[in-house]
Amino acid sequence: MSDCLFCRIAAGEINSRIVYEDQDILAFHDLNPQAPTHILIIPRRHMDRLSGAVQTDAELLGKLQLAAAKIAVSLGVEKAFRLVTNNGRAAGQSVDHLHYHLLAGRKLMWPPG
Ligand code: 5GP
Ligand code: ZN
């Protein structure tokens, strides 16, 4: 999707501070960090949001979580981090390309606002 911001980041058309990449996944620093560590983890393939996922996405969804765990280790935050996806506008989703936020480096409140 050429008009999708995260597809353009995945294609390298828009610069990002990449922390992890493989053939299926890209992870990069959020432009407007909400914690000392704030990483966005996306599938290279466009999907609007988690609620649109189907059975054939199961492997990719698993890889995204495993990548998150690996990234947490590589950034030294594996003991305390939060992995979250905002699914839909009312939940705070502003970019319609599935992404997980990996947040760490400060006390994280529960429940989130
Ligand atoms: P959402 O609000 O959809 O859950 O998360 C979108 C995230 O993308 C936000 O945290 C926002 O700061 C981040 N973001 C928006 N535009 C850009 C961009 O051009 N580059 C990067 N690295 N992050 C962005
Ligand atoms: Zn996209």
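Residues numbered from 1 in each chain as written. Chains lettered and ligands numbered in written order. Predicted model: local features only at pLDDT ≥ 70, side-chain atom pairs only at ≥ 80, totals over all residues. Heavy atoms only, no water.

> Any chance you could explain the side chain of Asp-30 here in plain terms?
For Asp-30, the location among the structural elements is in the loop between β2 (25-29) and β3 (37-43). It turns out Asp-30 is buried and unbridged, and the closest side chain with the opposite charge, Arg-17, is 9.3 Å from it. Engagement of the side chain of Asp-30 in a polar contact is seen with the backbone nitrogen of Asn-32, the distance being 2.8 Å. Residues within four places of Asp-30 in sequence aside, it is in contact with His-38, Ile-39, Leu-40 and His-101. (Helix = DSSP H or I, 4+ residues; strand = E, 2+ residues; numbered from the N terminus. Buried < 20%, exposed > 50% of the residue type's maximum accessible area, 1.4 Å probe, protein only. Lys, Arg positive; Asp, Glu negative; His and termini not counted. Salt bridge = Lys/Arg side-chain N within 4 Å of Asp/Glu carboxyl O. Polar contact = N/O pair within 3.5 Å; in protein donor to acceptor, adjacent residues only side chain to side chain. Contact = heavy atoms within 4.5 Å.)

> So what exactly am I meant to see when it comes to the coordination of the zinc ion (ligand 2) here?
Around a metal, the perfect tetrahedron of four donors has angles of 109.5 degrees, and the perfect octahedron of six donors has angles of 90 or 180 degrees. Distances from the zinc ion (ligand 2) to its protein donors, Cys-4 (SG), Cys-7 (SG), His-46 (ND1) and His-97 (ND1), fall at 2.1 to 2.3 Å. Considering all four donor atoms around the zinc ion (ligand 2), angles at the metal cover 106 to 117° and the coordination shape is tetrahedral. One chain supplies every donor for the zinc ion (ligand 2), spaced along it as C-x2-C-x38-H-x50-H. Here His-46, found in the loop between β3 and α2 (58-74), pairs with His-97, found in the loop between β4 (81-84) and β5 (100-104); they are 51 residues apart in sequence, far enough to count as distant. (Donors = N, O, S within 2.8 Å, 3.2 Å for Na, K, Ca; no water. Tetrahedral: all angles 85-135°; square planar, octahedral: opposite > 155°, others 65-115°.)

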